[in-house]
Amino acid sequence: MRIVGLTGGIASGKSTVSNLFKAHGIPVVDADIVARNLLKKGTGGWKKVVSAFGEDILLDNGEVDRAKLGQIVFSDPGKRQLLNRLLAPFISRGILMEVLKLWMKGCSIIVLDVPLLFEAKMDKWTKPIVVVWVDPETQLQRLMTRDGSTEEEAKSRINAQMPLDLKRSKADIVIDNTGTLAALHEEFQKVLIQITKPLTWTELMLSRKGAFLALFSIFVGVAICQKSS
């Protein structure tokens with residue numbers, strides 16, 4: 001099984017690339033969706049976060065006000081680290097469960113869409129690692145346009161993340177999304193060829209098909225031994 005790591009920065013276009021993988025039939029495990037489910041009312045993650053940040057972050061229906069929580073953690077590095085520390089074990093477990101489900105279905109290639117891939121040390125699970133990159137000026141302008149935020153607010157959110165240039169230096173594959181959407185699609189097609197190439201022997205053995213082949217080989221070996229004895 002090939003587990004591809006996909007990451008980038010805010011307003012870099014990672015979600016667009018993630019959707020392109022889905023459109024080409026490659027299953028994606030989205031860490032943001034896993035985290036969203038972990039913050040639903042009454043869950044373990046919800047209890048931890050409410051205990052740490054207080055009931056002021058809740059909506060009238062008891063669900064977490066994600067926008068309000070976001071404002072709190074992006075303006076305070078200490079609280080951001082606290083939130084990441086609280087949710088990290090739940091998110092890792094949730095991602096692992098999603099990967100296991102896809103493995104059981106027989107999927108041979110899975111994309112892990114994780115914004116904090118390097119920060120959460122999940123990069124050691126993935127190969128290759130794909131980073132969606134844009135230059136700082138483009139990232140800033142796109143974020144301001146997307147969220148209607150001021151330059152100061154946008155810079156604060158960008159600076160709260162690992163720099164994209166550092167992520168790019170850690171990548172196996174870099175998708176430059178500085179240009180147009182058409183250029184991104186063209187770039188993606190090249191990446192798709194790399195991602196969907198035949199599995200290595202190690203990757204094959206980690207897949208469900210490989211596990212069945214290994215079991216079959218063991219049964220055949222046992223049967224031969226019994227016949228010869």
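Residues numbered from 1 in each chain as written. Predicted model: local features only at pLDDT ≥ 70, side-chain atom pairs only at ≥ 80, totals over all residues. Heavy atoms only, no water.

## Here's the deal with the overall build of the protein
- Counting its regular elements, the protein contains 11 helices and five strands.
- With respect to the three principal axes, the spread of C-alpha positions in the protein is 75 × 45 × 25 Å.
- By residue count, 39% of the 229 residues in the protein fall in the buried class.
- Considering only contacts in the protein between residues 6 or more positions apart, those separated by 24 or more positions represent 71%.
- When the 31 basic and 24 acidic side-chain charges of the protein are each reduced to a single mean position, those positions are 10 Å apart. (Helix = DSSP H or I, 4+ residues; strand = E, 2+ residues; numbered from the N terminus. Buried < 20%, exposed > 50% of the residue type's maximum accessible area, 1.4 Å probe, protein only. Contact = heavy atoms within 4.5 Å. Lys, Arg positive; Asp, Glu negative; His and termini not counted. Charge placed at Lys NZ, Arg CZ, Asp CG, Glu CD.)

## Some thoughts on the sheet that holds strand E4 (residues 129–133)
- Reading across the sheet, the five strands line up as E2-E3-E1-E4-E5 and stay open at both edges, with parallel pairing between neighbours. On the outer flanks of this sheet lie strand E2 (28–30) and strand E5 (173–176), each paired with one strand and no other. Each strand axis lies, on average, 20° off the axis of its neighbour in the sheet, ignoring direction.
- Pairing of E4 with E5, which is carried by four bridges, proceeds in the parallel orientation. From the neighbouring strand, Val 132 faces E5, where its bridge partner is Ile 175.
- The strands touched by helix H1 (residues 14–23) are strand E1 (2–7), E2, strand E3 (109–113), E4 and E5; relative to E1, the strand with the most contacts, the crossing angle is about 150°. (Pairing = 2+ DSSP bridges. Axes fitted to C-alpha atoms, helices over the stretch in contact; angles between N-to-C directions.)

## Here's the deal with the domain arrangement of the protein
- Under the domain assignment, the protein is made up of domain 1 (1–26 + 106–196) and domain 2 (34–105).
- Computed over C-alpha atoms, the centres of domain 1 and domain 2 are 22 Å apart.
- On the domain 2 side, the residues contacting the 13 residues of domain 1 number 11 residues.
- Between domain 1 and domain 2 we count zero salt bridges in total.
- Linking domain 1 to domain 2 there are four residue pairs in polar contact (both at pLDDT 80 or more).
- Looking at the side of domain 1 that touches domain 2, the elements that each hand over two or more residues are E3 and helix H7 (151–159). (Domains from an automatic or database assignment. Salt bridge = Lys/Arg side-chain N within 4 Å of Asp/Glu carboxyl O. Polar contact = N/O pair within 3.5 Å; in protein donor to acceptor, adjacent residues only side chain to side chain.)

## Regarding the packing of helix H6 (residues 136–147) against H7
- Two elements in contact, H6 and H7, have axes separated by 9 Å at closest approach and are oriented at 115°. Between H6 and H7 lies a crossing of right-handed hand. Contact residues: H6 offers Gln 139, Leu 140, Leu 143, Met 144 and Asp 147, while H7 offers Glu 151, Ala 154, Lys 155, Arg 157 and Ile 158.
- Considered class by class, the residues forming the contact of H6 with H7 number five nonpolar, one polar and four charged. (Left-handed = near helix turned anticlockwise from the far one by under 90°. Nonpolar A, V, L, I, M, F, W, Y, C, P; charged D, E, K, R; others polar.)

## Some thoughts on H6
- A rise of 1.5 Å per residue sets the reference length of H6, with its 12 residues, at 16 Å; its end C-alpha atoms lie 16 Å apart and thus fit the reference within 8%.
- All of the buried residues in H6 are Thr 138, Gln 139, Leu 140, Leu 143 and Met 144.
- Downstream of H6 by a residue or two, Gly 148 has a phi angle that is positive, lying close to 65°. (Expected span 1.5 Å × (residues − 1).)

## Some remarks on the packing of helix H2 (residues 31–38) against helix H5 (residues 77–104)
- Contact geometry for H2 and H5: axes closest at 9 Å, N-to-C directions at 120°. Crossing hand, H2 versus H5: right-handed. Two secondary-structure elements touch here, H2 through Ala 31, Val 34, Ala 35 and Leu 38 and H5 through Phe 90, Ile 91, Gly 94, Ile 95 and Glu 98.
- Grouping the amino acids of the contact of H2 with H5 by side-chain chemistry returns seven nonpolar, one polar and one charged.

## Structural notes on the nonpolar core
- Ranked by internal contacts, the top residues of the largest apolar core, which has 38 residues, are Val 49, Phe 53, Leu 69, Ile 95 and Val 99.
- Looking at this core, the elements with two or more residues in it are H2, helix H3 (44–53), helix H4 (66–74), H5, E3 and E4.
- When residues of this core are assigned to their parent elements, the largest contribution, eight residues, is made by H5.
- In terms of domain composition, this core takes at least three residues from each of domain 1 (1–26 + 106–196) and domain 2 (34–105).
- Once residues lying within four places of it in the same chain are set aside, the contact partners of Phe 53 are Leu 69, Ile 72, Val 73, Lys 79, Leu 82, Leu 83 and Leu 86.
- By size, the runner-up hydrophobic cluster in this structure holds 18 residues, among which are Val 17, Ile 109, Phe 188 and Val 191. (Core = buried A, V, L, I, M, F, W, Y, C linked by side-chain atoms within 4.5 Å.)

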